[in-house]
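# Coordinates in review
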Amino acid sequence: MTLQTQLVLRALLEDPSKERYGLALCELVGLPSGTIYPILARLEQLRWVESFWEDADGHVVEGRPRRRYYRLTPGGAEQARHALASTYRAKKSPQLLWNPEPGIAGSS
Amino acid sequence: MSCRETYLAGACAAARAAYEVAKEHVALMEAAAAHAEDDAAAAAAAAGRRGSTEYVLAAGAARMRAYFAGHNAAVARAQVEHAAMRVRLAAAGLEHEQHWRQRLHLQRLTVRSREASTRTRARRAPAASISLLALSTVLLPAQQRPRWLEDWRGELGALETRRARFRFVRELLRGMPRMAWSLRYPVPSMAGAGSPRNHGRS
């Protein structure tokens, strides 16, 4: 999982029941729109995040196009917590990718 | 307030009322459509053996009712859009009036009409940004283009400054290949999400 995805998930997990629109997430996470939307698309495909159109009351009164809101699904919130925890654990105990056998490099 | 301004402010209020009525109508029609769907299923179940003439007739009639109810709901939704457009047009008329009255040094608009105008002001996303985004969505799967474009149009409409809109569009254009990749090649788990480089890793 990329760092950006982790940031988005952390932002959404701050209040899993709260719906947020894309621009609010960009501001919250501090990432550009071109990074946030692919992540949201991916999370939506995995059904971690659900999206829905804004209620007509708000945008018609304000006279602007409707927005799409994103929110973690109950299952998605649990999976996100689990994924973040496992990422954190992996960071805490890094595994050596290259384990040189002792004596080979220094052998004569 | 001049007669014309009074008329335009009234038009604003009337359009808003029409919008409210249309919205209630949509709720009613959607409820009717849902009821018709249930009715169709119940009628088909009650008509007896699957494949029999009674079954086919009952199911066909119920389906027809459900179709018409769905059509009515769609028409009602279009009426809401139309009412919303009328609200915007009325507000735009009021703004236009205000603009010309100020330019011609005529009587100033009252606070009330100005408030009505700004409250219902049509804030549309700039056409150039939308066209550019629409062009770049060619990379996305065809069935998903309208949904994302409308999403971004909503965000663009909310951005106040030209600089903010430019930045939003620029970053979206930069991320469009990644977006296309994400939509075209879904990953089975989150382990590979976020970056095309990680695609396929579990």
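Scope of this entry: the structure provided in the associated data block. Note that this is a predicted model, so its numbers are computed, not measured.

### Looking at the overall build of chain A
Within chain A one finds five helices and three strands. Scored against the burial criterion, the 108 residues of chain A give a buried share of 29%. Of the contacts formed within chain A by residues at least 6 apart in sequence, a portion of 53% connects residues at least 24 apart.

### Some words on the overall build of chain B
For chain B, the count of helices and strands is six helices and zero strands. Counted from the first residue to the last, chain B has its helices and strands arranged as α-α-α-α-α-α. In chain B, of all internal contacts separated by at least 6 residues, the share reaching a separation of at least 24 is 64%.

### Focus: the interface of chain B and chain A
Often the size quoted for an interface is simply the accessible area lost on bringing the parts together. Chain B puts 34 residues into the contact, and the matching count from chain A is 28 residues. Residue assignment for the side of chain B that touches chain A shows that the elements contributing at least two residues are α1 (3-46), α2 (53-103), α5 (145-158) and α6 (162-184) of chain B. Taken together, the residues that form the side of chain B that touches chain A break down as 16 nonpolar, seven polar and 11 charged.

### Digging into the environment of Asp151(B)
Tracing the sequence through the fold places Asp151(B) in helix α5. For Asp151(B), a count of 22 C-beta atoms within 10 Å corresponds to the buried category.

### Observations regarding unusual backbone geometry
What is expected of a backbone is that most residues other than glycine have negative phi and most peptide bonds are trans. Residue and element names in this part refer to chain A. Phi angles above zero are rare outside glycine, and Arg47 is one such case at about 65 degrees. With respect to the secondary-structure elements, Arg47 resides in the loop between α3 (33-45) and β2 (49-53). The exposed category is assigned to Arg47, around which 11 C-beta atoms lie within 10 Å.

### A short note on the packing of helix α1 (residues 3-13) of chain A against helix α2 (residues 22-29) of chain A
Residues and elements named next belong to chain A. Taken N-terminus to C-terminus, the directions of α1 and α2 make an angle of 110 degrees; their axes are 10 Å apart at the nearest point. In this view, α1 runs roughly perpendicular relative to α2, as classed from their interaxial angle. Residues Leu7, Val8 and Ala11 of α1 form the contact with α2, whose own contacting residues are Leu25, Leu28 and Val29.

### Some words on the pairing of strand β3 (residues 68-72) of chain A
Residues and elements named next belong to chain A. Bridge count between strand β1 (residues 20-21) and β3: two bridges; the pairing is antiparallel. The residue bridging Arg20 from the neighbouring strand is Tyr70, located in β3. In the sheet, β2 pairs with β3 via five bridges, with the strands oriented antiparallel. Counterpart to Glu50 in the pairing with β3 is Arg71.

### Overview of α2(A)
Taken residue by residue, α2(A) has Gly22(A), Leu25(A) and Cys26(A) as its buried positions. Summarising the axial view, the buried residues of α2(A) lie within an arc of 105 degrees, below the 170-degree limit, and thus occupy one face. Buried-residue contacts for α2(A) involve α1, β1, α3 and β3 of chain A together with α5 of chain B. Gly30(A) lies just past α2(A) and shows a positive phi near 80 degrees.

### Description of the nonpolar core
Formed by 32 residues in total, the largest nonpolar core has its most connected members in Val8(A), Ile36(A), Tyr37(A), Leu40(A), Val49(A), Leu172(B) and Met179(B). For this core, the elements supplying multiple residues, two or more each, are α1, α2, α3, β3 and α5 (74-92) of chain A together with α5 and α6 of chain B. Element by element, the count of residues in this core is highest for α6(B), at seven residues. Discounting residues that sit within four places of it in the chain, Ile36(A) has contacts with Val8(A), Gly22(A), Leu25(A), Cys26(A), Val29(A) and Leu31(A). Formed by 23 residues, the second largest nonpolar core is a distinct cluster that contains Ala9(B), Ala66(B), Val87(B) and Ala91(B).

### Comments concerning the environment of Pro16(A)
Residues and elements named next belong to chain A. Note on placement: Pro16 falls in the loop between α1 and β1. When the C-alpha atoms of Pro16 and Thr73 are compared, they prove to be 7.8 Å apart, with 57 residues separating the residues in sequence. Apart from the residues lying within four places of it in its own chain, the contact partners of Pro16 are Leu72 and Ala77.

### Regarding the environment of Arg71(A)
All names here are of chain A. Relative to the helices and strands, Arg71 resides in strand β3. Through-space distance from the C-alpha of Arg71 to that of Leu40 is 9.9 Å; in sequence the pair is 31 residues apart. Apart from the residues within four sequence positions on either side, Arg71 is in contact with Lys18, Glu19, Val49 and Glu50.

### Topic: the sheet that holds β3(A)
Ordered by their spatial adjacency, three strands build an open sheet running β1-β3-β2 (chain A), and the pairing between neighbours is antiparallel. Strands at the two margins of the open sheet, each flanked by one partner only, are β1 and β2 of chain A.

### Section: helix α4 (residues 127-136) of chain B
Residue and element names in this part refer to chain B. Considered for burial, the residues of α4 that qualify are Ser129, Leu133 and Ser136. Viewed along the axis of α4, the buried residues span an arc of 60 degrees, placing them on a single side of the element. Exposed and facing more than 90 degrees away from the buried side of α4 are Ala127, Ala128, Ser131 and Leu135. Here the buried face of α4 lies against α5 and α6.

Quick notes on the rules
- Residues numbered from 1 in each chain as written.
- Chains lettered and ligands numbered in written order.
- Predicted model: local features only at pLDDT ≥ 70, side-chain atom pairs only at ≥ 80, totals over all residues.
- Helix = DSSP H or I, 4+ residues; strand = E, 2+ residues; numbered from the N terminus.
- Buried ≥ 20, exposed ≤ 12 C-beta atoms within 10 Å, placed from the backbone.
- Contact = placed C-beta atoms within 7 Å.
- Nonpolar A, V, L, I, M, F, W, Y, C, P; charged D, E, K, R; others polar.
- Axes fitted to C-alpha atoms, helices over the stretch in contact; angles between N-to-C directions.
- Parallel < 35°, antiparallel > 145°, perpendicular 65-115°, else oblique.
- Pairing = 2+ DSSP bridges.
- Arc of directions from axis to C-beta.
- Core = buried A, V, L, I, M, F, W, Y, C linked by C-beta atoms within 7 Å.

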